[in-house]
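Listed here are the chains, written in short residue letters.
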Amino acid sequence: MKIAVSNIPDEGLDLRFSKDRGWFARNLTDHPEACTCSSDIEVSCRLKRLNDHVFLDGSVTTVLELVCCRCLEPATLSIDAAFRYTLAPFPESQEREVELAGDDLECGFYREDMIDLDPLIFEQICLQIPIKALCRESCRGLCPRCGSNLNQGDCRCRNSEIDGRFEVLKNLKIGKRE
């Protein structure tokens, strides 16, 4: 969704809109099948303009379907995230590299009097995805030997088997130093 900065009234602009469930997957460039939305993406935001700066407060809500990193079963992630940005006109020239501070992460730029909300919404959804998604906190994962899903029951592998590479460590004695 694109908004013309000059069309934002002095009292601000309230927006509510939806993106269909396929929108997120279409915007993923790598492995769009790894993460899908099981519900539409609901966005609510308020834009307030002060001269050429725009202050954006919003929220995004959806449900993502991921793959559990332990057992490879489907994992559901409910997203209800608030976000805030300060948007300014894109600088004409950047003379030197600048190190960003933590507050700078809530800043963005727009070009030619147009703000495109789609990249901001996409970014906010991506920021909510954990590095390691789990189907549940108590997920036991897969057996490293046979690959059985340990959430469905114990496998038939013997836990007492020792990897041959570590056999020499079985008889290692560690004494106390006094």
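Here the residue index of a chain counts from 1 through its sequence in written order. It should be noted that, the model being predicted, local features are given only for residues of pLDDT at least 70 and side-chain atom pairs only at 80 or more, the latter also being counted only at that level, while totals for whole chains, interfaces and linings use all residues. Side-chain calculation: all heavy atoms of the structure are included, whereas hydrogens and water are not.

A few points about the overall build of the protein
Each helix and strand counted, the protein has two helices and eight strands in total. Each helix and strand of the protein, ordered N terminal to C terminal, gives the series β-β-α-β-β-β-β-β-β-α. Residue burial is assigned from relative accessible area. The probe radius is 1.4 Å, only protein chains are included, and a residue is buried under 20% of its type maximum, exposed over 50%, and partly exposed in between. Looking at the protein as a whole, 29% of its 178 residues qualify as buried. Long-range contacts, defined as pairs at least 24 residues apart, comprise 56% of the intrachain contacts of the protein with a sequence gap of at least 6. A total accessible area of about 13000 Å² is found for the protein, and carbon and sulfur atoms account for 49% of it. Helix numbers and strand numbers start at the N terminus; a helix is a DSSP run of H or I with at least 4 residues, a strand a run of E with at least 2. Here, residues are in contact when the closest pair of their heavy atoms is within 4.5 Å. With residues, only the protein chains shown are counted as cover, and all accessible areas are computed by Shrake-Rupley using a 1.4 Å probe.

Regarding the packing of aromatic side chains
Here a pair means two rings of Phe, Tyr or Trp (six-membered ring of Trp) with centres within 6.5 Å. Their orientation is stacked below 30 degrees between planes, edge-to-face above 60, and tilted elsewhere. Taken as a whole, this structure holds four aromatic pairs when the rule is applied. Measuring from ring centre to ring centre gives 6.3 Å for Trp23 and Phe122, while their planes differ by 80°; the resulting arrangement is edge-to-face. Placement of Trp23 in helix α1 (residues 23–27) and of Phe122 in helix α2 (residues 117–128) is noted, with a sequence separation of 99 residues between them. The buried category is assigned to Trp23, whose relative accessible area is 8%.

Concerning the nonpolar core
It is characteristic of soluble globular proteins that their nonpolar side chains tend to be buried jointly. Phe24, Ile41, Leu117, Ile121 and Ile125 are the most contacted members of the largest nonpolar core, which has 33 residues in total. Contributing elements (two or more residues each) for this core: β2 (13–19), α1, β4 (41–50), β5 (53–67), β6 (74–89) and α2. Sorting elements by how many residues they give to this core places β6 first, with six residues. To qualify as a nonpolar core, a set must consist of buried Ala, Val, Leu, Ile, Met, Phe, Trp, Tyr and Cys residues joined through side-chain atoms within 4.5 Å.

What to know about the state of the cysteines
By convention in this document, the label disulfide applies to cysteine sulfur atom pairs within 2.5 Å. Applying the stated criterion to the full structure yields zero disulfides. Cysteine Cys68 shares no disulfide, and the gap to the nearest cysteine sulfur, in Cys71, comes to 3.7 Å. The class of Cys71 is buried, set by a relative accessible area of 4%.

What to know about the pattern of salt bridges
One side-chain nitrogen of Lys or Arg within 4 Å of one carboxyl oxygen of Asp or Glu is enough to make a salt bridge. Scanning the model with the defined rule gives six salt bridges in all. Here Arg49 makes a salt bridge to Asp10, at a shortest N to O gap of 3.9 Å. Of this pair, Arg49 sits in strand β4 while Asp10 sits in the loop between β1 (2–4) and β2; the two residues are 39 residues apart in sequence, bridging distant segments of the chain. Between Arg26 and Asp20 there is a salt bridge whose closest N-O contact spans 3.0 Å. The class of Arg26 is exposed, set by a relative accessible area of 57%.

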